[in-house]
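# Descriptive structure summary
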Amino acid sequence: MKMIYKASCFIVGLFLVFQFTYAQKFNQGLGLRIGDPVGISYKAYLPGNTAVEFALGTTSRNRHSSYYKDTFNALDRYDGLRYSDHDVKYTLALQGRYLLHSSFPANVEGRLDWYWGIGGHFRFSKVEYTYFSESTMFASDEKSNVDLGPEGILGIEYELKDYPIVGFSEVSLLGEIVDKPLRFRFFAAVGVRYAFNSL
């Protein structure tokens, strides 16, 4: 009987802790981003309906095929060579954003916001090009590709009423300053984060 009493007290205590935690507004979220890039997303909510977000991820080897072909044709080191194909060995993507939130005008349970903001987007890729030349019928070369520039973001975010789960969907536009100044690239993603409060 004493064991049942202790177990009941423990369960009630856990329930009260969860209810107390949930009663507070969540100020952080950590989760998965699916799209371009795919990876981990961390978001911290700040006073005044603002937030900062940091993401670390990668992208499919088959994405941006025309981008890498254009890169080959624009590089001086490949002058006089004819593009055959390329293979993206890996890509590392880093994003940092400052976001402003506003309530979305819809009658739903939970929190529904739209947000916009600016940030920085950095990408590092290792690419192997294959090509034809006059001296050799077929050859290959590896090149590191670095992309860096400001990013504009527009998205929507929904937090469930009774669970610490936040879903989001967004689009963004990167304006490169390295290595193709004034080249614009479009990205999109959806994702989900587990929301929590800092200790």
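My aim in this report is to walk through the structure given alongside it, one point at a time. (Residues numbered from 1 in each chain as written. Predicted model: local features only at pLDDT ≥ 70, side-chain atom pairs only at ≥ 80, totals over all residues. Heavy atoms only, no water.)

### Quick word on the overall build of the protein
Looking only at helices and strands, the protein has two helices and eight strands in total. In sequence order, the protein lays out its α and β elements as α-β-β-β-α-β-β-β-β-β. A burial count over the protein gives 37% of its 199 residues as buried. Once local pairs closer than 6 in sequence are excluded, the contacts in the protein between residues at least 24 apart make up 62%. Surface summary for the protein: the accessible area is close to 11800 Å², and the carbon and sulfur share equals 67%. (Helix = DSSP H or I, 4+ residues; strand = E, 2+ residues; numbered from the N terminus. Buried < 20%, exposed > 50% of the residue type's maximum accessible area, 1.4 Å probe, protein only. Contact = heavy atoms within 4.5 Å. Areas by Shrake-Rupley, 256 points an atom, 1.4 Å probe, with all protein chains shown as cover.)

### As for the pattern of salt bridges
On inspection of all chains with the given rule, the structure shows 19 salt bridges. With a shortest N-O distance of 3.2 Å, Asp-36 and Arg-63 are connected by a salt bridge. Taken together, the residues Asp-36 in the loop between β1 (28-35) and β2 (38-46) and Arg-63 in the loop between β3 (50-58) and α2 (65-74) connect sequence positions 27 residues apart. Exposure remark for Arg-63: the relative accessible area of 37% places this residue in the partly exposed category. Residues Glu-170 and Arg-97 are paired through a salt bridge, measuring 2.8 Å at the closest nitrogen-oxygen approach. Of this pair, Glu-170 sits in strand β7 (residues 165-175) while Arg-97 is found in strand β4 (residues 82-103), placing the two residues 73 residues apart along the sequence. We note that Glu-170, like Arg-97, is buried. A cluster of three or more residues bridged by salt bridges with shared partners is formed by Arg-33, Lys-43, Glu-53, Arg-97, Arg-111, Asp-113, Glu-151, Glu-157, Glu-159, Glu-170 and Arg-193. (Salt bridge = Lys/Arg side-chain N within 4 Å of Asp/Glu carboxyl O.)

### Some points on the sheet that holds strand β6 (residues 139-159)
Two modes of strand pairing occur in sheets, parallel and antiparallel, and in both the strands are linked by backbone hydrogen bonds. One closed barrel holds the eight strands; their spatial order is β1-β2-β3-β4-β5-β6-β7-β8, and the pairing between them is antiparallel. Strand-to-strand, the axes of this sheet are offset by a mean angle of 25°, without reference to chain direction. Running over the sheet, α2 touches β4, β5 (111-132), β6 and β8 (184-196) and is turned about 120° from β4. (Pairing = 2+ DSSP bridges. Axes fitted to C-alpha atoms, helices over the stretch in contact; angles between N-to-C directions.)

### Thoughts on the nonpolar core
Judged by nonpolar contacts, Tyr-67, Tyr-68, Phe-72, Leu-75, Tyr-78, Tyr-83, Val-88, Val-127, Tyr-129, Tyr-131 and Ala-139 together constitute the single largest core of eleven residues. At the level of elements, α2, β4 and β5 are the ones that each hand at least two residues to this core. The next biggest cluster of nonpolar side chains, apart from the first, holds five residues, and it includes Phe-26, Tyr-45, Val-166 and Ala-195. (Core = buried A, V, L, I, M, F, W, Y, C linked by side-chain atoms within 4.5 Å.)

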